[in-house]
Amino acid sequence: MESLSVDLLANIFSFMQIKHLALQERVCKLWSQILNNSFTNNIYRKINLRNSSVQVPLTWIANKINTHSTYCLSLSGTRYNTQEVANLLKEHSNTLVHLNLSFYNFKKLYKSIEVNSLPNVHQITVCEAKLSDSALSIILTLPKLTKIDVSHNHLLEGNAFKQHNKPLTKLWFEGCENFTFENALHACKVSAESLQKLGIDGENFSTQQVCSLVSILNQLSNFSIPFADWMENQLLSDLKGLSLEFLKIKKAYMLEEPFLVDFFSCDLSSLAYLELSECNHLSTSVCVQISRTCFNLKTLILCWCLNIFDQGIRSLVTQCKSLNYLDLTGLKFITDSALPLDEGIYTQLRFLSLCQCNEVSDKHLWDIQYSFPQVKIMNYYGEYCENWKPYNSCF
């Protein structure tokens, strides 16, 4: 280590997680200096401790926020004392723009938070935080708030949106089964000219209600409805014409093949993320049509769509040259021929999941991994192929 230059060490540290950097600072004086000088100022601009098992001292976090002007702080899933987190936010949050406090008991936390202590927060994420409407009301008074994710807060009804007519650019409330349509409609009307990202719980609303929300949002580019069990074909008709960049529709058992083909016949060249998991009528024909119009896709997730065969996947991987992430979990009827050993397919690809794809052979997966080592591949059992030992000496 002594022979490594300061520049090289700084570059190595830039790839490490924040929770580990807190420990590296204690190794020696040189490392501490490197981790606190101009080389690494940008490292601490984002402090992400999401689900960290390493309990980084809050005093250390406070110091980094103050000295490096941290703008993004995620404490999601950590186990800090609620009062200590509240004190941190009171005293050291002037530079914060994005705050993630998911899995905290926000009912306790919000009483200790002063709105004027979060003057620059534009985006806040409080998923599974036992959020009440009174706590949401406090959040909505943040002066610069434009993006909010309150997903999986089961008691939330959304009444606070009627008390605060705040235009938003992002509203995400997936898994909030008590969120009423009236409150969702009010929030969307207030943000009709600004809302770009909308995530809703499809189990709560009818197709007509969801369509009425979509129809008033002129700038909508990201749309997510993960529980679309009862959504009918009208939803696809109302999504037509939007310049979508992100689309997630899961468990859409009632969307029929002709309507899916028709929808994907539209210009969807701006679409970068597409998830259609557990859509019963998603077929090879639909996949072929997707490959023709969604050629700029970077992420594609088609888990447990049992009507897709080799031709559909082969069409997608050969036409969508920008694919970076491909999840085909549970596609039981695709075989080796769905993924030809063509260098052009794997140029951009970095992740490929074939979990529970029992007709794709281990030999073929090893051939892909050996030929394109930059791709992380998951096999039938969810194991990464790079960890395998070749099962035959001929490899």
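As a starting point, this report considers the structure included with it.

Definitions and limits used
Residues numbered from 1 in each chain as written. Predicted model: local features only at pLDDT ≥ 70, side-chain atom pairs only at ≥ 80, totals over all residues. Heavy atoms only, no water. Helix = DSSP H or I, 4+ residues; strand = E, 2+ residues; numbered from the N terminus. Rg over C-alpha atoms; globule rule 2.2 N^0.38 Å. Buried < 20%, exposed > 50% of the residue type's maximum accessible area, 1.4 Å probe, protein only. Contact = heavy atoms within 4.5 Å. Areas by Shrake-Rupley, 256 points an atom, 1.4 Å probe, with all protein chains shown as cover. Lys, Arg positive; Asp, Glu negative; His and termini not counted. Charge placed at Lys NZ, Arg CZ, Asp CG, Glu CD. Core = buried A, V, L, I, M, F, W, Y, C linked by side-chain atoms within 4.5 Å. Pairing = 2+ DSSP bridges. Right-handed = clockwise from strand over helix to strand, strands pointing away. Salt bridge = Lys/Arg side-chain N within 4 Å of Asp/Glu carboxyl O.

Structural notes on the overall build of the protein
Each helix and strand counted, the protein has 15 helices and 14 strands in total. At 24 Å, the protein has a C-alpha radius of gyration in line with the 21 Å of a compact globule built from 395 residues. If one aligns the C-alpha atoms of the protein with their principal axes, the spans along those axes are about 65 × 60 × 30 Å. Residues classed as buried in the protein amount to 51% of the 395 residues present. Counting contacts in the protein only where the partners sit at least 6 residues apart, residues at least 24 apart contribute 67% of the total. Accessible area of the protein: about 18,000 Å², with a carbon and sulfur share of 49%. Averaged over its 33 positive side-chain charges, the protein has a centre that lies 8 Å from the centre of its 36 negative ones.

Describing helix H13 (residues 284-293)
Of all 10 residues that make up H13, eight are buried, and the element is covered over most of its length. Where H13 is concerned, the buried positions are Thr284, Val286, Cys287, Val288, Gln289, Ile290, Ser291 and Thr293.

A look at the nonpolar core
Ranked by internal contacts, the top residues of the largest apolar core, which has 125 residues, are Ile61, Phe223 and Ile313. In this structure, Phe223 is in contact with Leu198, Ile200, Val210, Val214, Leu235, Leu239, Phe246, Leu247 and Lys248, ignoring residues within four places of it in sequence. By size, the runner-up hydrophobic cluster in this structure holds five residues, among which are Trp172, Phe246, Ile301 and Cys303.

Looking at the pairing of strand E9 (residues 246-249)
Burial along E9 is two-sided: the face carrying Phe246 and Lys248 and the face carrying Leu247 and Ile249 are both buried. Two strands pair when backbone bridges link them, and strand E8 (residues 222-225) and E9 are joined in this way by four bridges, in the parallel orientation. Looking across to E9, one finds that Phe223 is bridged to Leu247. Where E9 lies against strand E10 (residues 273-275), three bridges are found, and the strand directions are parallel. Its bridge partner lying in E10, Lys248 is registered against Glu275. Since E9 and E10 lie parallel, the crossover through helix H12 (residues 257-263) that links them has a hand, and here it is right-handed.

Comments concerning the pattern of salt bridges
Enumeration according to the criterion identifies three salt bridges in this entry. Ionic pairing is found between Lys240 and Asp262, a salt bridge with its closest N-O pair at 2.3 Å. Of this pair, Lys240 sits in the loop between helix H11 (234-239) and E9 while Asp262 sits in helix H12, and the two are 22 residues apart along the sequence. What makes Lys240 partly exposed here is its relative accessible area of 32%.

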